[in-house]
Amino acid sequence: MSKNTSNNQTSKNILLAIGGGIAAYKSADLIRRLKERGFDVRVVMSQSAKEFITPLTLQALSGYPVASDLLDTAAEAAMGHIELAKWADLVVVAPATANLIARINAGMADELITTTCLATEAPVVICPAMNRQMYRSQVTQENLSNLLKRDIIIWGPGSGSQACGDIGPGRMLEPTDIADRTLQFFAPKLLTGQSLLLTAGPTREAIDPVRYISNHSSGKMGFAIAKAAADMGAKVTLVSGPVNLTTPAGVNRVDVQSTQDMLDAVMANVEEHNIFIGCAAVADYRVAEIADEKIKKSSTDMQLALVRNPDILATVASHTPRPFTIGFAAETQDVEHYAKDKLVRKKLDMIAANDVSSPELGFNADSNALKVIWGDGQQDLPATDKQTLAKQLLTLIAKQLANKQDGK
Ligand code: PMT
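To keep things clear, this report deals only with the structure shown in the data block. The structure presented is a predicted model; accordingly, all values stated were derived computationally and were not measured.

Some remarks on the sheet that holds strand S16 (residues 324-331)
Pairing in this open sheet of eight strands is mixed, and the strands run S12-S11-S8-S13-S16-S17-S18-S19 from one edge to the other. The open sheet has two free edges, formed respectively by strand S12 (251-255) and strand S19 (377-385), since each of these has just one partner strand. Strand-to-strand twist in this sheet, taken as the mean axis angle between neighbours without regard to direction, amounts to 15°. The sheet strands contacting helix H13 (residues 335-345) are S16, strand S17 (350-355), strand S18 (367-374) and S19, and the helix crosses S17 at an angle near 150°.

The structure is reproduced here in structure tokens:
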């Protein structure tokens, strides 16, 4: 069976993987709710799930044979596990028991569900369902946080009364909620069809083979923007200075060191993108001549001749074709005044003014606050974590870009 390639948002293939927990009875209803929303649903189930619900019920509801055995020749002949993994546009593991979560996290491939999760290129959603104490246990929490780091999506759990009589977190989300989230997952996103090029992190200017000039940028703000933009449907190229961060899923990353490297990487990519964001803390100066050998201490003072670096943001803003161009302004005083000056002087569409006078915000912090300014307006984005701020900033950018395209 071929993969459905239609653009109809509801003609997607959902592979529902049912683990062996009491919430498996809800998975029958989940199939119906997914089908109501136009999804094509196939089911794989663990051996223990069969203790809670029969394959026949799931087959009748989905309209397809249900696979539960990795080494079942008949099932493999009909649609093998690799084919199933390829067929899926989204794998939804519901219920995901503590055992199943641990095994997916460990990369096990000794039964059908974990093997399918390993073999698929489709996004995987985990819907945890277990006793509250099992959910709260340190090892389950560690497993879930590892899965999140690998861009596995986690929906739930809900909280409330449990089959065992306990009350607390661990209930599988209701089928309608999971089906609505699945619909939302495939809905066209705010930045669908847009392509974003952005810079992040510091640049590093060598003095000699062991020393360099740089700054305190961690890259967290730029990486948060890259991740949020990819989540919002944009194609994203991230040109990053030296940072210690993992590349967000779906983001094309180009690593650079110096400002000149960053400029070269940006200009090599700029024409394939319609939005540019300069979030990097670019070194304004570099040493006039990099020493070939380690410079020896010869006196108490040392003079370094510095020369001005090219301005990447201004170069992009004056390039033809010109992307919708957004700069950042990191300031410690007169933030709005200096940001407005940069907006005009560098011929930008928008600027995100960043007060970096507080150690809790901006450079190398997990939180930030911005004052976003454009031609005839401005908006404050109050202090919050960088992930939330990135989404708010991109929402503003999408709005201003749409206004510009509409000639408003
Ligand atoms: O990386 P984090 O630790 O998360 O910190 C985030 C941040 C504080 C670095 C980020 O939010 C930020 O404010 N980035 C811009 C920092 C900066 O260099 O500001 P600036 O005012 O010096 O530069 C103004 C703009 O020109 C920036 O968009 C900068 O990328 C760009 N620029 C500057 C100099 C240069 N030679 N080329 C440039 O493109």
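Re the sheet that holds strand S2 (residues 40-45)
Pairing in this open sheet of five strands is parallel, and the strands run S2-S1-S3-S4-S5 from one edge to the other. Either end of the sheet is taken by a strand with one partner, and the two such strands are S2 and strand S5 (153-154). Pairing geometry for strand S1 (residues 13-18) and S2, over six bridges, is parallel. Residue pairing across strands places isoleucine 14 opposite valine 41, the latter belonging to S2. Packing against the sheet, helix H2 (residues 55-62) makes contact with S1 and S2, and its axis sits at approximately 165° to S2. Contacts from helix H5 (residues 98-106) reach strand S3 (90-96) and strand S4 (124-128) within the one sheet, and its direction differs from that of S3 by about 140°.

Description of the packing of H5 against helix H6 (residues 112-119)
Geometrically, a packed helix pair is captured by the angle between its two axes and the distance between the axes. Between H5 and H6, whose axes approach to 9 Å, the crossing angle comes to 40°. What the angle tells us is that H5 and H6 run oblique. Regarding H5 and H6, the two cross each other, and that crossing is right-handed. Residue-level contacts link Leu100, Arg103 and Ile104 of H5 to Ile113, Thr114 and Cys117 of H6. Residue composition of the contact of H5 with H6, grouped by class: four nonpolar, one polar and one charged.

Criteria and thresholds
Residues numbered from 1 in each chain as written. Predicted model: local features only at pLDDT ≥ 70, side-chain atom pairs only at ≥ 80, totals over all residues. Heavy atoms only, no water. Pairing = 2+ DSSP bridges. Helix = DSSP H or I, 4+ residues; strand = E, 2+ residues; numbered from the N terminus. Axes fitted to C-alpha atoms, helices over the stretch in contact; angles between N-to-C directions. Contact = heavy atoms within 4.5 Å. Parallel < 35°, antiparallel > 145°, perpendicular 65-115°, else oblique. Left-handed = near helix turned anticlockwise from the far one by under 90°. Nonpolar A, V, L, I, M, F, W, Y, C, P; charged D, E, K, R; others polar.

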